[in-house]
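# Understanding the architecture of this molecule
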Amino acid sequence: MDPAALSHAGPPPATPDRAGTPPGTPAATVPLDARPPAAPYGRAPRPVAAGGVPASTVGGLVLLYPWLGGYCAAAERLVPEAGPVPARRAALALLAGADPADPLVRLLAGDPDWAGTGAPALADPEPAVAEALEPAAVLAAFAGLLPGFAASTPGYVREQWVRRPAALLRDGGDTVLLRLGRRPLDLVLDHLPYPLGAVRLPWTPRIGVGWEAP
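Residues numbered from 1 in each chain as written. Predicted model: local features only at pLDDT ≥ 70, side-chain atom pairs only at ≥ 80, totals over all residues. Heavy atoms only, no water.

## Here's the deal with the packing of helix H1 (residues 65-78) against helix H2 (residues 84-96)
Packed helix pairs are specified by the crossing angle of their axes together with the interaxial distance, meaning the distance between the axes. Contact geometry of H1 with H2 gives a least axis separation of 8 Å together with a crossing angle of 120°. As judged from the angle between their axes, H1 and H2 are oblique. Between H1 and H2 the crossing geometry is right-handed. Contacts between H1 and H2 involve Leu68, Tyr71, Cys72, Ala75 and Glu76 from the first element and Pro84, Ala87, Arg88, Ala91, Leu92, Leu94 and Leu95 from the second. Considering only residue class, the contact of H1 with H2 consists of 10 nonpolar, no polar and 2 charged. (Axes fitted to C-alpha atoms, helices over the stretch in contact; angles between N-to-C directions. Helix = DSSP H or I, 4+ residues; strand = E, 2+ residues; numbered from the N terminus. Parallel < 35°, antiparallel > 145°, perpendicular 65-115°, else oblique. Left-handed = near helix turned anticlockwise from the far one by under 90°. Contact = heavy atoms within 4.5 Å. Nonpolar A, V, L, I, M, F, W, Y, C, P; charged D, E, K, R; others polar.)

Structure, rendered in structure tokens:
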């Protein structure tokens, strides 16, 4: 699919912030010195770099960008003691079912060393934090924009659109090029009411989104 085909679409929806802290939510932490348990939340395997190019297993996480600002801001509020980048990394990994060391997770979290190999391990968010973040609500909002898929489960959305190979390359300037692998149901992405050619969150560089050759 050519991202330019989406350029006619209207502006992206207002960034949902559906993950506010409910009254009485207990304090929780995201410790930096504990490794996550094996494959929680249906986690994708650790990314493997090929030919020296950082590789992600959850390239489709970028498709959710209209919601990521509010979602990550909620994570920062819920675990302020963790620091902004670790809080965002843990929350994005939970949303995608990914390893927090995945380079795209780190890039979207604002980690300046997103392509490095020495990322501190993170524990999974405490259950109360995971529930308050409402990752399923983000996935449901995305699926609701795809004709015929509004009732899809979070696991189905992750499997069909979020989990996909992606390569991340620097363009020599301030842009990171993200080349996404294709998935069988990508044709419905033409119905998204926001463009996918370039993405930028308040804490990230510009991300140029492209697709591998068919």
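## Some remarks on the packing of helix H5 (residues 135-143) against helix H6 (residues 154-162)
As a packed pair, H5 and H6 sit with axes 9 Å apart at the nearest point and diverge in direction by 60°. Relative to H6, H5 is oriented oblique. Along this stretch, H5 crosses H6, giving a crossing that reads as left-handed. Residues Pro135, Ala136, Leu139, Phe142 and Ala143 of H5 touch H6, and the partners they reach there are Pro154, Val157, Arg158, Trp161 and Val162. Among the residues forming the contact of H5 with H6, the class breakdown is 9 nonpolar, no polar and 1 charged.

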